[in-house]
Structure formats: C-alpha cells, structure tokens
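Read off the chains here:
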Amino acid sequence: MNIPNLWGNFTDMDVNTPKEILEQQAKFLPSLTGDTVYAEVKDLETGELYDTFDEDAFEGFAYKFVLKSKFMDRYQFTILSLHHDIVIYPARIKLDRDTKEEIGGIAEYKIVYSEKEFIDFISEVFQSDRIKNVVGAMIKLSR
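This text gives an overview of the structure that appears in the document. (Residues numbered from 1 in each chain as written. Predicted model: local features only at pLDDT ≥ 70, side-chain atom pairs only at ≥ 80, totals over all residues. Heavy atoms only, no water.)

When you line up the elements, Trp7 lands in the segment before helix H1 (18-32). Residue class for Trp7 comes out exposed when judged on its relative accessible area of 69%. As a C-alpha pair, Trp7 and Lys42 span 35 residues in sequence and 34 Å in three-dimensional space. (Helix = DSSP H or I, 4+ residues; strand = E, 2+ residues; numbered from the N terminus. Buried < 20%, exposed > 50% of the residue type's maximum accessible area, 1.4 Å probe, protein only.)

With that settled, consider the layout of surface pockets. The calculated volume of the largest pocket comes to roughly 340 Å³. Looking at the lining of the largest pocket, the elements with two or more residues in it are H1, strand E2 (61-69), helix H4 (115-126) and helix H5 (129-141). The element contributing the most residues to the lining of the largest pocket is H1, with 5 residues. Its residues assigned to classes, the lining of the largest pocket shows 13 nonpolar, 3 polar and 1 charged. (1 Å grid on protein atoms, 1.4 Å probe; cavity = no way out; pocket = protein on both sides within 12 Å on 5 of 7 lines; lining within 4 Å. Points joined across faces, edges and corners; volume = space filled by probe spheres on them. Nonpolar A, V, L, I, M, F, W, Y, C, P; charged D, E, K, R; others polar.)

A word on the packing of aromatic side chains. In this description, an aromatic ring pair is defined by two values, namely the gap between the centres and the angle between the planes. Counted according to the given criterion, the structure contains 1 aromatic pair. Look at Phe65 and Phe126: their rings are 5.5 Å apart centre to centre, the planes differ by 25°, and that puts the pair in the stacked class. Highlighted residues: Phe65 in strand E2 and Phe126 in helix H4, separated in sequence by 61 residues. We note that Phe65, like Phe126, is buried. The cationic tip of Arg92 hangs over the ring face of Tyr109; the distance from NZ or CZ to the ring centre is 5.0 Å. (Phe/Tyr/Trp six-rings, centres within 6.5 Å; stacked < 30°, edge-to-face > 60°. Lys NZ or Arg CZ within 6 Å of the ring centre and 35° of its normal.)

See the structure below:
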C-alpha cells in the first residue's frame, strides 16, 4: 500500500517568536542611548517563574526583558515578563505595576494572539513615559 504524505508542508510557518522580537529590539537600544543602556532577554528562573505566572508557565517558555547599564553593575529593571506554550501565540505578558497603570485597561496579564498584536503592544510599552523615564534615569545615573 502506497500512503502519501499526510503531514503537508511546514515551510509556510514563518512566524517570529516573542523572544526573537525582543532580542532584535535589544540590539537597537545601545545606539539610542550612547552605548549606556542595553537590554537582555533572560529565561525566567524557577523562583521567578513561580512568582510571576501560574502553574501553566511550567509547561512552556518564559522570559523577562531587562534593562541594564554598563555603569551600574548591580541594577537592572525588568520591563516585562512573558510566557507562551509550544504554539507561541497566544502569549501572556506581565508588566511592572507603573507601566501597566500608565497604559491602562490591562488585567494582571496582557494576552496577545498574534505576532502583529505582540509588536503593537510592545511598541506601546517601549514608548510609554514610564519606560522613557527609566531609560533616561539610567543614562543620567551612569554619568
């Protein structure tokens, strides 16, 4: 019996993960801040994962996006934490309290259902007054 390919084609699956998008955005920050502030995407450690997300997060991928300054070794500011399972979207995003209040209308987590929705939301977060003030303070305190 000759059985054809039942899998179909996997080459049409061109989606950027939230981690890839954040890593790309991290590359822009040093040139925008005179090489003072930079960002990193880090895996959430088990304790952070438990404190940030519910038990569902242990089944997937969880990261945090942090700001650092090359002149303030001990300080970092976590802009957001995110979690997604193997299918990538929807993804859950948790912001710091002040950013969440500024953007408004966000429950405990923001759930995004597509790459475009993720990019639009992250753009709003990065351009918020809260994040601009944090980056500005990190530049000022690093001098």
